[in-house]
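Structural description and commentary
Below are the chains, spelled out letter by letter.
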Amino acid sequence: MELAAGSFSGEQFREACAELQQPALAGADWQLLVETSGISIYRLLDQKTGLYEYKVFGVLEDCSPTLLADIYMDLDYRKQWDQYVKELYEQECNGQTVVYWEVKYPFPMSNRDYVYLRQRRDLDMEGRKIHVVLAQSTSVPQLVERSGVIRVKQYKQSLAIESDGKKGSKVVFMYYFDNPGGQIPSWLINWAAKITCFRVSLLSCVLTL
């Protein structure tokens, strides 16, 4: 699932936008996991890994799409509210901006780190203004694996936000998949991924207060 050095395709951005109009939940065994505060979280079991993919949909009436997208892209702010961040920064590699992110894991597990590309586009889709952010793991020679830290090589996330025509976000869509590797039971990985979705969703809800 690593993304070779290069940008995301226009088709990938259009696919994220399409989920706002017509959520792609049919034809697969997506299960509703939880509904809370206007947020619905679905999951789909990946048969090869035994891990779950997640999709999040919601309505945020009092948070503008631009503000939500800006905060999502703000790594410095992420370090303020996410207690599990040990290191998080951007670095220019081969003419592209790459994100390095190390996550603290509880003892006796080793920390995990991510190297990924991300890109934001503010699109006009037939008069609809949609903010889309895509992220996916990659590999660059400038950011080698560190001793004692396990590199996550399967990470993918997308976010799409549309205005409600007033001051809020009419629809929010997020897709998330993460395979942290190492000798961790799949049930524990799935629990951690679910908590990650909850944390991101709750952050979105906090922004509306």
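Residues numbered from 1 in each chain as written. Predicted model: local features only at pLDDT ≥ 70, side-chain atom pairs only at ≥ 80, totals over all residues. Heavy atoms only, no water.

The name an unreviewed UniProt entry gives the protein chain is Phosphatidylcholine transfer protein, with Macaca fascicularis as the organism. Check the Subcellular location (unreviewed entry) section of the UniProt entry for the protein chain; it says "Cytoplasm". Quoted verbatim from the Subunit (unreviewed entry) field of the UniProt record, the comment on the protein chain reads "Interacts with ACOT13/THEM2." (UniProt positions renumbered as here; feature names shortened; annotations may be inferred.)

Next up on the list: the nonpolar core. Counting 26 residues, the largest nonpolar core has W101, Y114, Y116 and Y155 as its most contacted members. In terms of residues, this core owes the most to one element, strand β3 (residues 51-60), which gives four residues. What W101 contacts, discounting residues up to four positions off in sequence, is R78, V85, E87, L88, R112, D113, Y114, Y116 and Y155. By size, the runner-up hydrophobic cluster in this structure holds 25 residues, among which are L44, Y100, L117 and Y175. (Core = buried A, V, L, I, M, F, W, Y, C linked by side-chain atoms within 4.5 Å. Buried < 20%, exposed > 50% of the residue type's maximum accessible area, 1.4 Å probe, protein only. Helix = DSSP H or I, 4+ residues; strand = E, 2+ residues; numbered from the N terminus. Contact = heavy atoms within 4.5 Å.)

Attention shifts here to the pattern of salt bridges. Inspection of every chain in the model, using the stated rule, returns 13 salt bridges. For E11, the salt bridge identified is with R14, shortest N-O distance 3.2 Å. You can see E11 and its partner R14 sitting in helix α1 (residues 10-21), three residues apart, about one turn around the helix. The exposure class of R14 is partly exposed, given its relative accessible area of 43%. The shortest N-O distance in the salt bridge between K79 and D76 comes to 3.4 Å. Separated by three residues within a single helix, K79 and D76 lie in helix α3 (residues 75-81), roughly one turn from each other. What makes K79 partly exposed here is its relative accessible area of 39%. Taken together, the shared-partner salt bridges in this structure form one network comprising K86, E87, E102 and R146. (Salt bridge = Lys/Arg side-chain N within 4 Å of Asp/Glu carboxyl O.)

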